[in-house]
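Notes for the structure review
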Amino acid sequence: MRLLHTSDWHLGRSFHRVSLLPAQRAYLDHLVETVTAREVDAVLVAGDVYDRAVPPLAAVELFDSALHRLAALGVPTIMISGNHDSARRLGVGAGLMERGGVHLRTDPERCGEPVLLDDADGPVACYGLPYLEPALVRDSLGAGRAAHTEVLGAAMDRVRADLAARPAGTRSVVLAHAFVTGGEVSDSERDLTVGGVASVPAAVFDGVDYVALGHLHGCQTLTERIRYSGSPLAYSFSEATHRKSSWLIDLGADGAVTAERVDAPVPRPLARLRGRLETLLTDPAAERHAEHWVEATLTDPERPAEPMARLTERFPHILALAFDPDEGPAATFASYAQRVRGRGDQEVAEDFVEHVREGRAADDGERAVLRAAFEEVRVYEAAEEVAP
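Remember, predicted model here, so these are calculated numbers, not experimental data.

This next bit is on the overall build of the chain. Secondary structure assignment for the chain yields eleven helices and 19 strands. Counting only residues that meet the buried cut, the chain has 50% of its 388 residues in that class. Contacts in the chain between residues at least 24 apart in sequence constitute 68% of all its contacts with a sequence separation of at least 6. For the chain, the accessible area works out to roughly 17,900 Å², and carbon and sulfur atoms hold 52% of it. In the chain, 40 side chains carry a positive charge and 60 a negative one; their mean positions are 1 Å apart.

Rendered as structure tokens:
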């Protein structure tokens, strides 16, 4: 059976104020074309279909169009909700869509209910595990505690129990939206937890033939059977070196996995340039980036006059400008975005405490208070989203 594994579409997202809807439309065109050209039997979408819980209308229309086109091909689509999605909103109409071959899995209670596919080699059971917010699903899944490893482990126990009751030789696929230990992160992913351990070990998924992961935006192979497809587009300059693609998975009669990367269309390459302003404006080697989306970091010891306007003359698609002087105190020039880049909410809050107290860092008790506050807000927002 041939599966196309994709994830993290983030429909409706922009890139430094540039709308990515045209690029997302081009990717979905590419996806439909790939399904036809490569004779794909089913499409797997491992979460973060939308970029936010209430997506803009244009993103919803793009999603609707893609599903209609896939349904018209007669190719089943199996899709789960991610941490950016509203599970309740994404799941509206799931029963009706299932009749058209679009299988939305947004309810944690259905983790052990597979979508059953068949080919000449027999059945394939596809289990959709939507993003599981530990504090909200611990009791319903019977997990020991509200932690990512425990709730995902409880969901996988349901998968293995259902699979054990099926005919011998039934092949198995799991879709999950999670941060699995060993995966490489980028700047554009939202933290899955505050304070606790967000990552889960790959061993949680033992017992199934293929695991189609979503959440991390880089295409990655954790094991031959556990892979991230990554996002189809770059959503931060930290992804400038990513090769964006989907996985074409051939699942053999014995469950053996053969994987091939299918490159996604690139709307515009990314470039991260660093140096003094005059060098960036005159260096012949930089000419190849003239049509790229550019992030420039200036290392001039003093802030140059009108740097963005001057850089735009050579790099008309420059989107981000930062300062990191190679002489003198860098803090004088560091923007707020630079200072918090790559730092989570907890770390930013702790830095603020240290700043206002002129160098005295938060102690263990204060860090615990901050952690509890962030966790309470995060869980409250998630609970409000699923409240009837």
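Picking up after the structure, the text goes on.
All right, on to the side chain of His103 then. Locating His103 in the fold gives a position in strand 6 (residues 102-105). Those residues in contact with His103 that sit more than four places away from it in its chain are Pro76, Thr77, Ile78, Met79, Glu98 and Val115.

Attention now moves to the pairing of strand 16 (residues 257-263). Side chains on a regular strand alternate between the two faces of the sheet. Relative to strand 16, strand 15 (residues 245-251) is paired through seven bridges, and the arrangement is antiparallel. Bridging across to strand 16, Trp247 finds its partner in Arg261. Counted along the chain from strand 15 to the antiparallel partner strand 16, the turn is five residues long, and its residue Gly255 has a positive phi close to 90°.

The biggest cluster of nonpolar side chains holds 29 residues, and the ones touching the most others in it are Trp9, Leu11, Leu31, Val35, Val49, Phe63 and Met79. For this core, the elements supplying multiple residues, two or more each, are helix 1 (21-37), strand 4 (42-46), helix 2 (57-73) and strand 6. Residues in contact with Trp9, not counting those within four places in the same chain, are Gln24, Tyr27, Leu28, Leu31, Val45, Gly47, Asp48, Val49, Phe63, Met79, Pro232 and Tyr235. Core analysis: the second largest hydrophobic core is formed by 28 residues, Leu132, Ala143, Val200 and Phe205 among them.

What the six strands build is an open sheet, ordered 7-8-9-12-14-13; its pairing is mixed. Edge positions in the open sheet fall to strand 7 (115-119) and strand 13 (220-223), since each of these has one partner strand only. Each adjacent strand pair in this sheet contributes to an overall mean axis angle of 20°, direction not counted.

Per the counting criterion, the structure on display carries one cavity of 30 Å³ or more. Counted as a void, the largest cavity has a volume near 90 Å³. Among the elements that take part in the lining of the largest cavity, helix 6 (residues 148-164) stands out by supplying three residues, more than any other. Residues that form the lining of the largest cavity fall into these classes: eleven nonpolar, two polar and no charged.

In this section: unusual backbone geometry. For Asp8, which is not glycine, the phi torsion reads 55° and is therefore positive. With respect to the helices, strands and loops of the structure, Asp8 is situated in the loop between strand 1 (2-6) and strand 2 (14-15). Given the relative accessible area of 0%, Asp8 is considered buried. With a phi angle near 55°, Glu39 is a residue other than glycine that sits in the positive phi range. The residue Glu39 is located in the loop between helix 1 and strand 4 in this model.

Each value, and the rule that gives it
Residues numbered from 1 in each chain as written. Predicted model: local features only at pLDDT ≥ 70, side-chain atom pairs only at ≥ 80, totals over all residues. Heavy atoms only, no water. Helix = DSSP H or I, 4+ residues; strand = E, 2+ residues; numbered from the N terminus. Buried < 20%, exposed > 50% of the residue type's maximum accessible area, 1.4 Å probe, protein only. Contact = heavy atoms within 4.5 Å. Areas by Shrake-Rupley, 256 points an atom, 1.4 Å probe, with all protein chains shown as cover. Lys, Arg positive; Asp, Glu negative; His and termini not counted. Charge placed at Lys NZ, Arg CZ, Asp CG, Glu CD. Pairing = 2+ DSSP bridges. Core = buried A, V, L, I, M, F, W, Y, C linked by side-chain atoms within 4.5 Å. Axes fitted to C-alpha atoms, helices over the stretch in contact; angles between N-to-C directions. 1 Å grid on protein atoms, 1.4 Å probe; cavity = no way out; pocket = protein on both sides within 12 Å on 5 of 7 lines; lining within 4 Å. Points joined across faces, edges and corners; volume = space filled by probe spheres on them. Nonpolar A, V, L, I, M, F, W, Y, C, P; charged D, E, K, R; others polar.

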